[in-house]
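# Coordinate analysis (summary)
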Amino acid sequence: MSMFKYVFIPANDSKPIEIREGDKSGGLTDDILSKSAKSYFFESTDKGARAAALKDATPEQRKVLADQLREEVKTASATSPYASQMAALDDEALINIMMTTHTSETCEITALTVPTASNEQRAVSMYSADDARTQNLPYNRRATELLVACGHNITSEPSPSTVSIGAAPPGGMCGDVFVGRCHDDEVADIWERVDFTVEDANPRSAWCDVARQRGGGGGGGSAAGGGGARSLSGLMNKQAAITNGGANTSGGGEGTGFAEGKGDGYTWSQNEEEVELRFPVSVGTKAKYVKVNFGRTKLKVIVAGQTLLTGTLGGNVEVDLSTFTIEDANSGTGKELCVTLGKNEGNTWPFVIRENLPTTTI
């Protein structure tokens, strides 16, 4: 039996990304990953109960179920453009939606990359619950970071002329997701599952860099995406911080976007050239009390023997262009330690810093 690997990314950040295996012999027509994902999302929701209820429901009972769906849609209408459209449907249309989407094993498939010559005809897809938004499932930070690392725009709804199956959904990913890869070459008549590992789920992986390039299969210039990787990364970061009150994208902080935000005991901001982190310190703090370890991908900040921050950066820095100063606080009172990181590449990082990043999770 020939096996392949894929990953499961929980929405809950405290849970590790899991590696799973499946039999690749089913090919495209009987793909085990697609079947497993659909089964998982069916069993983890109330679709089974709704299927049983609809099967023998009276007209009055069907009306009650439609009303329940309408209430769910109203709850989600503030955050989902699709929900507001559904809320405008009549009862019969909602009942038909229930029959087709709430009683069968289905899922949403988002194409992170489509096969191209640059990525050696490798397609990467993300599988999620197709009712994640109407069910108000929790924001999935790691899945969304992976999505934007491939260059996709998730901050606006695609226009009718650009909507396509597998297009990146607006607002990022919600709920648990599965991610897998396949070798898909129509000319050579090949479709085969290949490994996608926990290491591949890191948004700084080399394959994500390829995806963002023109012709790389992601959102950086191919038919699968919607624009340049730089601007899309910045837009995604803004949405990520807004969507879950910060979603721990900067190492535990909240923000109004990925141009700026707040961490545990510090604030941060970034543009395409540099990142700035500001820590409130006592008025008597002097430079000799401060030690900042600048690494190409790591940062550690110590003041008076106390570690204020240590973690993995969201991109590479030029150590020679990085420094720190002690300045008057922007608030007008007190002092702040200002740490400035010069970026190695002019882009917007998918996150600024992630504290104590484990090797088994992302």
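Keep in mind the model is a prediction, meaning the values are calculated, not measured.

Analysis parameters
- Residues numbered from 1 in each chain as written.
- Predicted model: local features only at pLDDT ≥ 70, side-chain atom pairs only at ≥ 80, totals over all residues.
- Heavy atoms only, no water.
- Helix = DSSP H or I, 4+ residues; strand = E, 2+ residues; numbered from the N terminus.
- Buried < 20%, exposed > 50% of the residue type's maximum accessible area, 1.4 Å probe, protein only.
- Contact = heavy atoms within 4.5 Å.
- Salt bridge = Lys/Arg side-chain N within 4 Å of Asp/Glu carboxyl O.
- Pairing = 2+ DSSP bridges.
- Axes fitted to C-alpha atoms, helices over the stretch in contact; angles between N-to-C directions.

### Brief notes about the overall build of the protein chain
In terms of helices and strands, the protein chain carries eight helices and 16 strands. Looking at the protein chain residue by residue over its 362 residues, the buried ones come to 46%. Taking contacts inside the protein chain between residues at least 6 apart in sequence as the whole, the part at least 24 apart equals 62%.

### Notes on the pattern of salt bridges
Evaluated as defined, the whole model comprises 15 salt bridges. With a shortest N-O distance of 2.9 Å, R20 and E18 are connected by a salt bridge. Here R20 falls in the partly exposed class, since its relative accessible area comes to 27%. A salt bridge links R278 to E276; its shortest N-O distance comes to 3.2 Å.

### Topic: the environment of L33
As for its placement among the helices and strands, L33 is situated in helix α1 (residues 32–43). The buried category is assigned to L33, whose relative accessible area is 0%. As for L33 and K5, which are separated by 28 residues in sequence, their C-alpha atoms are 9.5 Å apart. Here L33 is in contact with F4, Y6, Y127, F178, V179, G180 and R193, once residues within four sequence places are set aside.

### Some points on the sheet that holds strand β11 (residues 290–294)
Pairing within the open sheet is antiparallel, and its four strands lie in the order β11-β12-β13-β16. A single partner strand is all that each edge strand has here, and the edge strands are β11 and β16 (353–355). On average, adjacent strands in this sheet sit at an angle of 25° to one another, irrespective of strand direction. With six bridges joining them, strand β12 (residues 298–303) and strand β13 (residues 306–313) adopt antiparallel strand pairing. By the bridge assignment for β13, V303 is matched with Q306.

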